Amino acid sequence: MADSIMSKAATMEIPINSNGDTGTPEDDSLEQDLQQVMVSGPNLNETSIVSGGYGGPAGGIIPTSSIKDIRMKSRGVSMPNIQSSISQHGHHRDQHPGSSNHNASNSAEEVPRGVAVEKLDSVKKWGINTYKCTKQMFSEKFGRGSRTVDLELEAQIELLKDTKSKYENILRLATALISHFQSMVQTQQALGDTFTDLSQKSPELQDEFGYNAETQKLLCKNGEALLGAISFFVSSVDTLVNKTMEDTLMTIRLYENARLEFDAYRSDLEELSLGPRDAAAMVRIEMAQHDYQIHRDKYERLRSDVTIKLKFLEENKVKVMHKQLLLFHNAISAYFAGNQQQLEQTLLQFNVKLKPPGSQKPSWLEEQ
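Residues numbered from 1 in each chain as written. Predicted model: local features only at pLDDT ≥ 70, side-chain atom pairs only at ≥ 80, totals over all residues. Heavy atoms only, no water.

## Things to note about the overall build of the protein chain
Alright, step 1. In terms of helices and strands, the protein chain carries nine helices and two strands.
Alright, step 2. Of all 368 residues assigned to the protein chain, the portion counted as buried reaches 24%.
Alright, step 3. Residue pairs at least 24 apart in sequence account for 73% of intrachain contacts in the protein chain once pairs closer than 6 positions are excluded.
Alright, step 4. Summed over all atoms, the accessible surface of the protein chain reaches about 26,100 Å², with 58% contributed by carbon and sulfur. (Helix = DSSP H or I, 4+ residues; strand = E, 2+ residues; numbered from the N terminus. Buried < 20%, exposed > 50% of the residue type's maximum accessible area, 1.4 Å probe, protein only. Contact = heavy atoms within 4.5 Å. Areas by Shrake-Rupley, 256 points an atom, 1.4 Å probe, with all protein chains shown as cover.)

Now the structure itself:
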């Protein structure tokens, strides 16, 4: 009987768990402790834990994510809810820097965009204005269009242009006179030096050469005084012609351009007024009326500026030319009359300062 009992004990089935170990209570408690450690340990989502021995079956590999899910379920919390709350929290946390960067980039893009739009509008306005003015100019040349004319002002402008042309001719002739007379003075200076040298080397003709040498030196001195007077005359006339008159003519050119623009927009407004009067046409007429008023104000303002400048130019011209013509006459008369005292008084009267001889020539240091 004892043998039968032992045989039964030997053939009795021993329960084996899924990991190939015997299912004792101690092993169960050890496995639970191991699960507790793995749950509270580091994140091992992408790893796995082998709970069985070495070389155990594949069923003994337990992913750590399943362990976390088990623990969270035991606490009544699901993993998807936690992950969704974490992702939402991260989204709200990162929303502010992203939005600020987005606003900064938008503001940075708006600056060059606004500059480009402004340049495009200016080019568009310039093109429209150029087209209208070119059309008006050709219309006037071919006799198809009308132009605004101020007869009195146009006469004054033509007189100024003619006066400027004649004064420029005076400048050319006076400059040529200076050049020729300066050559004569230099020749007199050389001739006087030659007479002086011959008076010293020719005892029998010493007095004759001496008289001629003194005469040429006196003529040279008076010639330099006359050159100073003529140079002062040329400088004053040049300032009058190339600065004062040119400034007035510049204003006149602006006035003529404003007149052309005014007539161009006036013709445009007249053409629109003769057309239909629907809603779109009324909008165009209103815009044309606005542009017409702007160019009319500009035209009237420049016309007033030209009138004032012409008046002051005439007064200045009379004052300057009265003084310069008197200087030119007195200096020429005194020189060719041989009146050295009157020539010197003329230079003092008009405050003409003569340059010392040789001052126009650069020194040898300057030439280097």
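## Focus on the packing of helix 5 (residues 151-201) against helix 6 (residues 206-273)
Alright, step 1. Here helix 5 crosses helix 6 at 160°, and the two axes come no closer than 7 Å. Our classification of the angle between helix 5 and helix 6 gives roughly antiparallel. Helix 5 and helix 6 meet at a crossing whose hand is left-handed.
Alright, step 2. Residues that form the contact of helix 5 with helix 6 fall into these classes: 30 nonpolar, 16 polar and nine charged. (Axes fitted to C-alpha atoms, helices over the stretch in contact; angles between N-to-C directions. Parallel < 35°, antiparallel > 145°, perpendicular 65-115°, else oblique. Left-handed = near helix turned anticlockwise from the far one by under 90°. Nonpolar A, V, L, I, M, F, W, Y, C, P; charged D, E, K, R; others polar.)

## Let's talk about the pattern of salt bridges
Alright, step 1. Counted under the stated rule, the structure contains 15 salt bridges.
Alright, step 2. Its salt-bridge partner being D197, residue K201 comes within 3.5 Å of it at the nearest N-O pair. Of the two residues, K201 and D197 are both situated in helix 5; the distance of four residues between them amounts to about one turn of the helix.
Alright, step 3. Overall, the relative accessible area of 61% leaves K201 in the exposed class.
Alright, step 4. Using a relative accessible area of 34% as the deciding quantity, one classes D197 as partly exposed. (Salt bridge = Lys/Arg side-chain N within 4 Å of Asp/Glu carboxyl O.)

## A word on the UniProt feature "coiled-coil region" (unreviewed entry) in the protein chain
Alright, step 1. Taking the UniProt record as the reference, the feature "coiled-coil region" (unreviewed entry) is found at residues 285-316.
Alright, step 2. Across residues 285-316, helical content stands at 100% and strand content at 0%; the span's end C-alpha atoms are separated by 46 Å. (UniProt positions renumbered as here; feature names shortened; annotations may be inferred.)

## Section: the side chain of E261
Alright, step 1. Relative to the helices and strands, E261 resides in helix 6.
Alright, step 2. If sequence neighbours within four positions are ignored, E261 has contacts with N129, C133, H295 and K298.

## Description of the environment of V185
Alright, step 1. Locating V185 in the fold gives a position in helix 5.
Alright, step 2. V185 sits in the buried class, given a relative accessible area of 5%.
Alright, step 3. Sequence separation between V185 and E224 is 39 residues; the distance between their C-alpha atoms is 7.2 Å.
Alright, step 4. Discounting residues that sit within four places of it in the chain, V185 has contacts with C220, G223, E224 and L227.

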